[in-house]
Every structure is written in structure tokens, then in C-alpha cells.
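One letter stands for each residue in the lines below.
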Amino acid sequence: MKNIERRDFIIGSLTSLGSLAFLNGGCNTISSALVDEIKKASDLNSVAYNVAVLGDTHYDTAPESVYHAHYDESNPHSKIQHAEFKRNGEMWRERCPRLLASSAALAHRNKTDFILQLGDIIQGDCDHIPTHQKMLDDCIKMLKKPYPDDMPFLTVVGNHDFRGKGARKAYFDFAHPFMTKELEKLTGEKLDKQLTYPIISFRKGPDLWILCHFEKADLNEICDIIDGDSSARHVFVVSHGPFTTYANTRSYRWRLGGSARALKSRERLFATLMKRRGIVLSGHTHSTTCYRFENGAGSFCEFTGNSVWTEKSPVDATPKSSTPEEYVPSGRILDTMKNGEDYLSEINFFKPFLKEYYDTRAAGHYRLKVSEHSVEMEFYPCDETKPGRIFKLK
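Residues numbered from 1 in each chain as written. Predicted model: local features only at pLDDT ≥ 70, side-chain atom pairs only at ≥ 80, totals over all residues. Heavy atoms only, no water.

Asker: I keep staring at the sheet that holds strand β13 (residues 389-392) and nothing clicks. Help me out?
Answerer: Strand pairing in a sheet takes place through backbone hydrogen bonds and is either antiparallel or parallel in direction. What the 6 strands build is an open sheet, ordered β3-β2-β1-β11-β12-β13; its pairing is mixed. Two strands close off the open sheet at either side, each with one partner strand: β3 (153-155) and β13. On average, each strand axis in the sheet is inclined to that of its neighbour by 25 degrees, with strand direction left out of account. As paired strands, strand β1 (residues 49-54) and strand β2 (residues 114-117) are joined by 4 bridges and run parallel to one another. Each residue of the ladder has a partner; that of Ala52, found in β2, is Ile115. Of the strands in this sheet, β1, β11 (364-370) and β12 (375-381) touch helix α5 (residues 78-109), which is tilted by about 20 degrees from β11. (Pairing = 2+ DSSP bridges. Helix = DSSP H or I, 4+ residues; strand = E, 2+ residues; numbered from the N terminus. Axes fitted to C-alpha atoms, helices over the stretch in contact; angles between N-to-C directions. Contact = heavy atoms within 4.5 Å.)

Asker: I would appreciate a short explanation of the nonpolar core in the present structure.
Answerer: In a soluble, globular protein the nonpolar side chains are often hidden away together inside. Counting 69 residues, the largest nonpolar core has Trp209, Leu281, Leu368 and Leu393 as the members making the most contacts within it. Those residues in contact with Leu393, other than ones at most four positions away along the chain, are Ile279, Leu281, Cys290, Cys301, Phe303, Leu368, Val375, Glu376 and Met377. Listed in part, the 31 residues of the second largest apolar core include Ile199, Leu219, Ala232 and Leu273. (Core = buried A, V, L, I, M, F, W, Y, C linked by side-chain atoms within 4.5 Å. Buried < 20%, exposed > 50% of the residue type's maximum accessible area, 1.4 Å probe, protein only.)

Asker: Where do I start with the sheet that holds strand β8 (residues 288-295) in this structure?
Answerer: The strand order across the open sheet built from 7 strands is β4-β5-β6-β7-β9-β8-β10, with neighbouring strands paired in mixed fashion. Only two strands of the sheet have a single partner each, and these edge strands are β4 (199-204) and β10 (354-360). Each adjacent strand pair in this sheet contributes to an overall mean axis angle of 15 degrees, direction not counted. Judged from the 4 bridges that link them, strand β7 (residues 279-282) and strand β9 (residues 298-304) form a sheet pairing that is parallel. Note that in β9 the partner of Val280 across the bridge is Glu302. Relative to the sheet, helix α8 (residues 219-227) contacts β4, β5 (207-212) and β6 (235-239), its axis offset from that of β5 by approximately 170 degrees.

Right under this line is the structure:
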């Protein structure tokens, strides 16, 4: 038999006081303890907070020898990866520190509860465990430094975070104790044991947050967690790889739920998110993208963030695509994919329910504003101090 938590009873009681009085022969006296509990639940539901959000950051530095002295030059992708090292060194020399400073200044001006980074926090490709560990340590110090003292910092697993020889062990040896400490700081609760991926879930006040290792998370388990917390006000699922099959980049394989073979579990999560009006926050695509889906059961939004500010990044929030009709894979994607039929079946699954679509290659920083009746994402292109666009996610 399913356990009924006291918070579920209390929140249910908010809607059943009238029938309680009726069943007690018209008596309108309720114990003061229950009244206090109900008031606490009501106060909890009115909680509002802000989150500073960063997309992919690909932390790195020039010269390449700092983190890539042990890089294996026999890697078949070495030409592409050296270009990425150069890109990262240029953007972290000056542009990304400005982006970070702008985000931190916003957090100083407006009470902000925590920082959320959407994966690919580092470039990786060190091919040397101590160097990979150093890259992670240096990155965290760099990213946290401009924000208010000791602000909790949460991140999810990105494909670059464990890329390179020995990198998977180096990353998770770092991530599990780090996330445990940061979540203890955020929730104010001492945890009995260390948190581990592929799924980390927690309550932030009345809201349910689920942080996922996009490559390993079981979508049915995510659905079970959501279904098991019926009293959550808002539901947030965070993954580096997007849940929605994306049409704007060739690296289409990295998505929450894996390949098309997992389409059945993806359909279940789609239905669960619709029913709960959930919100998915993701990265990976190096674009700022917002999808809003609707059907007879409800609606949900996915928002993808990007903080890779290259010299080619657009400088404002003008979209490249702005209508659901533009949600189609580009020719360059179709030319490179191994199984176009599976990929197109996923696009065709999502598209009939897509009611709003916004996509731009612009990078920037973001502020998530969460309140009782709404969730908004403010998009600040590059290092702007005023939002270029505000997305109503719920």
C-alpha cells in the first residue's frame, strides 16, 4: 500500500475543509495544530525564488598546453577538437568572464537562491586524470567566484564533462561529493549518504526538481518520481541532452532518453509532463531554444540554454526560427545521420503538439523566476544587463 505523506494530506485538506465541517454535523472548529499545518502549507505554496542559469560553458584556457598537454593526437577527431580548444581559449579570455560578471551582478541585485549550469561545464579532452581534475577544480572556482558568497551551485552531466581518457572516473569522483555538498547547502538538510547520478531529485520548497544524467537516466523512473509526488507545485526536469528531439544541430544523438529505441518511454514521459505542466531545462545544442507543447491533457515547455559566446554568436535575441512550421531538420543533419527514419519518426511524434517554437544561436545568461502561478525565463544575450526576451514557461 502506498504511503501517504503528511504534506500530501495537509495540501489535500486545503480543498476539503468545507466537507470536514459538514461531516462533523456543522461543527466549524478545527484543531489549532491542523490550522497551523494548513497555514504552513499555504505559505509554502506561495514561495517565490530566482535561479541564475548558465548553459554550456566549455571552460578552457589558452595556451592549449594548460589542459591539453597530454591530448592523444591519434584521436580521429583531433582537427575538430583543436578548433574547439582555440575557440574556448578565445571566449574565456574575455567574453565569457563578461557574461559571467553580468549574470552574477543580476544575482547580487535580485535575491537568487542558486546557480544552475546545464552541463558541458568544461571542455574535457585532457586524456590525463590529474589534469581533468584540475580543469574541473579551476572551472568551479572561476564560475562561483563572482556570485554572492557561498551561493549553491548545481550542474548536470554533459558529454564533454567526461570526455577523454580516464575522464569518466575523474568527473564522477568530483561530481557526486560536490553535488551532495551543494544540495545540503541549498536545502539546509544533512543527507544520510552521498548523492549519485543517474538521477538526483529533491524538493525546493513546494517544487520538485529532477537532475538527470542524460545518457543513463531511466525515463520510466523519472515518470515514477513525478507520479509519486502529486503535491509538487511545479515540476522541473534538468538534463544536458534535451528531451525534445532537436532539429538545429548535427549532434542529434545526445538527448535525454537516448536513441529512438527508447521512444516508448519517451512517450510516457511526454504524457507525464503534459499532465503535470512540467518544465524541462537542457543544454548541449549551443542555441537558445524554447518549445511549448499542448494537447487535450495539458501542456509543457522545454527551454535550452547556451553560454558558449563565440565571435560568431548573434548579439541579440532575434530568432532564427520562430514558428512551429520551422521545426524541421536541416539538410546537413539528414546528410550525416545513420538512421534517418528513426530520427524523423521522433520529429513527427513531437511536431503535431508543438504550439510555440523559438530558436537562435545566440549565447547569454538567464534568470529563472519561479512563483506560485508562473515560471518565466529571462534571456540576457551575451553580457546584457536587460533581458532581450522573456519566455513564459508556465
